[in-house]
Amino acid sequence: MKVLVTGAGGQVGLDLLRILQARGDEVHASDVTPPSREHDVPWHRLDVTSEPEVSALFAALRPELVFHLAAILSARGEADPMRTYAVNQGGTVNVLEAARQHGTRQVLFTSTIAAFGPPLPPLVPDDIALHPTTMYGVTKVAGELLGDYYFRRYGLDFRAVRFPGLLSAVLPGGGTSDYAPLMYYEALRVGHYEAFCRPDATIPLMYMPDGLRALVELSQAPRERLTRCVYNVAAFSPTAQQIADEVTRAVPGADISFNPDPARQAILDSWPRALDDSLARRDWGWRPEYDLPRMTADLLPKLRALLPRA
Ligand SMILES: NC(=O)c1ccc[n+]([C@@H]2O[C@H](COP(=O)([O-])OP(=O)(O)OC[C@H]3O[C@@H](n4cnc5c(N)ncnc54)[C@H](O)[C@@H]3O)[C@@H](O)[C@H]2O)c1
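Treat the numbers as computed from the prediction; the structure is a model and nothing was measured.

### Structural notes on the packing of helix α6 (residues 179-189) against helix α11 (residues 292-306)
Here is step 1 of the chain: Two elements in contact, α6 and α11, have axes whose closest approach is 11 Å; the angle formed by their N-to-C orientations is 40 degrees. By the angle between their axes, α6 is oblique relative to α11. The two elements α6 and α11 meet at a crossing, and its hand is right-handed. Mapping the contact onto sequence places Y184, Y185 and L188 in α6 and L292, M295, T296, L299, L300, L303 and R304 in α11.
Here is step 2 of the chain: Here the residues of the contact of α6 with α11 are counted per class, giving eight nonpolar, one polar and one charged.

Shown next as structure tokens:
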């Protein structure tokens, strides 16, 4: 199958390329950044905010399946809301319209827990009033709604997951959940980390292999089994202190401290503490494999291999 990935040079994209190549797809990567040296796939320079560029690439490739990952994440997004609007919202409508015009069968979209905002119940279901507090969240809600519109109006097979904060063995891309991966990364690299949140900060998190499997399994699910376009997916919801305890258990001598940044803590406080993913479990059999200890056991050796401690 011919697959195009936008934002392929990011934290999710670089791992996703590997999975798509391994299953034998004809994979085309695209990003505003230069090609990754880790991957031997055709790499197309694409700025998703440029409608002519997006249309021309879709016309040339005619991808059957598109993973639309290109985005500016929450923390970077608050530093430049207008750019975030252009990339996340403008980029998404450009991709959907090009997909419609050039015969793409399916578009996978990566939404987020930032689509939600207060007031929220302790366990947040898929269908609840969406009151995002960041430009990132606003544009992701718009992306979900646009995709739903293209599905109903044109029959484009749009599917989306609302990802928790993702952890993997690469540096995170400027999200507000970055305190979690940075605890592991900095504990190994320099032996200490000062988190920008309170110890009791609690949001849904997920290990990248589960996140990638969610994307691929949703993409492969028979359409007739799906009752909606956008699904919550969940794994575990530790407090920041529980992550710190886990890191100090696994990296003896590491010192994790807390110095909350009011702006970033306010964003964390506006997000769900836990997601109800029962519809994803029912409709397409979603099940996470990793909890916090299993993730730690898998992640630390990978980080150690990347970062021999100075
Ligand atoms: N990482 C997480 O914790 C997380 C959580 C929820 C949702 N998501 C979503 O998953 C997707 C991938 O996230 P990620 O963690 O890989 O982010 P990332 O920041 O690591 O990667 C995003 C990529 O988009 C590219 N990009 C930025 N502007 C662009 C433009 N104008 N045109 C084309 N490409 C552009 C960047 O160069 C980057 O390579 C995003 O849509 C994000 O919203 C991520």
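### With respect to the packing of aromatic side chains
Here is step 1 of the chain: If you walk through the whole model with that rule in mind, you get eight aromatic pairs.
Here is step 2 of the chain: Relative to Y150, the ring of Y149 lies with its centre 5.9 Å away and its plane at 80 degrees, an arrangement referred to as edge-to-face.
Here is step 3 of the chain: Pairing W284 with W286 gives two aromatic rings, centres 6.1 Å apart and planes at 40 degrees, and the pair type is tilted. Comparing W284 with W286, the two get one shared label, buried.
Here is step 4 of the chain: Connected via pairs of aromatic rings, a cluster forms that spans Y149, Y150 and Y154.
Here is step 5 of the chain: Positioned above the aromatic ring of F196, the side-chain terminus of R264 is 3.7 Å from the ring centre.
Here is step 6 of the chain: In this structure, R294 is placed above the aromatic ring of Y290, and the distance from its NZ or CZ to the ring centre is 5.4 Å.

### Comments concerning the pattern of salt bridges
Proximity of charged atoms lets side chains of opposite charge pair with each other.
Here is step 1 of the chain: Evaluation of the coordinates by the stated rule reveals 22 salt bridges.
Here is step 2 of the chain: The residue R105 makes a salt bridge to E64 at a minimum N-O spacing of 3.7 Å. Here R105 is found in the loop between α4 (81-101) and β5 (106-112), whereas its partner E64 is found in the loop between α2 (51-61) and β4 (65-68), with 41 residues between them in sequence.
Here is step 3 of the chain: When its relative accessible area of 34% is taken as the criterion, E64 is described as partly exposed.
Here is step 4 of the chain: A salt bridge links E186 to R189; the nearest nitrogen and oxygen atoms lie 2.7 Å apart. Of the two residues, E186 and R189 both sit in helix α6, three residues apart, roughly one turn of that helix.
Here is step 5 of the chain: On the basis of relative accessibility, which here comes to 37%, the residue R189 falls in the partly exposed class.
Here is step 6 of the chain: Shared partners join several salt bridges into a network, and the residues in it are D210, R213, E217 and E289.

### Description of the site of the ligand
Here is step 1 of the chain: In the vicinity of the ligand there are 28 residues, among which V12, D31, L69, Y136 and K140 approach most closely.
Here is step 2 of the chain: Side-chain polar atom of D31 to an oxygen atom of the ligand: 2.6 Å apart, as the coordinates give it.
Here is step 3 of the chain: The backbone of L46 places a nitrogen or oxygen atom 3.5 Å from a nitrogen atom of the ligand.
Here is step 4 of the chain: Here the ligand, which alone exposes 820 Å², has 92% of that area covered by the protein.
Here is step 5 of the chain: At the level of secondary structure, the elements contributing two or more residues to the shell around the ligand comprise α1 (11-22), α4, β5, α5 (135-154) and β7 (165-167).
Here is step 6 of the chain: The greatest single-element share of the shell around the ligand, amounting to three residues, is contributed by β5.

### Observations concerning the domain arrangement of the protein chain
Here is step 1 of the chain: Split by domain assignment, the protein chain resolves into domain 1 (2-165 + 207-232) and domain 2 (167-203 + 235-273 + 290-306).
Here is step 2 of the chain: Computed from C-alpha coordinates alone, the two centres of domain 1 and domain 2 are separated by 25 Å.
Here is step 3 of the chain: On the side of domain 2, 21 residues touch domain 1, which itself brings 22 residues to the contact.
Here is step 4 of the chain: Summed over both sides, the interface of domain 1 with domain 2 buries roughly 1,900 Å², with 62% coming from carbon and sulfur.

### Examining the environment of R213
Here is step 1 of the chain: Summarising the element assignment, R213 is placed in helix α7 (residues 208-220).
Here is step 2 of the chain: Taking the C-alpha atoms as reference, R213 lies 15 Å from Q11; in sequence the two are 202 residues apart.
Here is step 3 of the chain: Not counting the four nearest positions on each side in its chain, R213 is found in contact with W286, R287, P288 and E289.
Here is step 4 of the chain: A polar side-chain atom of R213 sits 2.8 Å from a polar atom in the side chain of D210.

Scoring rules and cut-offs
Residues numbered from 1 in each chain as written. Predicted model: local features only at pLDDT ≥ 70, side-chain atom pairs only at ≥ 80, totals over all residues. Heavy atoms only, no water. Axes fitted to C-alpha atoms, helices over the stretch in contact; angles between N-to-C directions. Helix = DSSP H or I, 4+ residues; strand = E, 2+ residues; numbered from the N terminus. Parallel < 35°, antiparallel > 145°, perpendicular 65-115°, else oblique. Left-handed = near helix turned anticlockwise from the far one by under 90°. Contact = heavy atoms within 4.5 Å. Nonpolar A, V, L, I, M, F, W, Y, C, P; charged D, E, K, R; others polar. Phe/Tyr/Trp six-rings, centres within 6.5 Å; stacked < 30°, edge-to-face > 60°. Buried < 20%, exposed > 50% of the residue type's maximum accessible area, 1.4 Å probe, protein only. Lys NZ or Arg CZ within 6 Å of the ring centre and 35° of its normal. Salt bridge = Lys/Arg side-chain N within 4 Å of Asp/Glu carboxyl O. Near = heavy atom within 4 Å. Polar contact = N/O pair within 3.5 Å; in protein donor to acceptor, adjacent residues only side chain to side chain. Areas by Shrake-Rupley, 256 points an atom, 1.4 Å probe, with all protein chains shown as cover. Domains from an automatic or database assignment. Buried area = accessible area lost by both parts, 1.4 Å probe.

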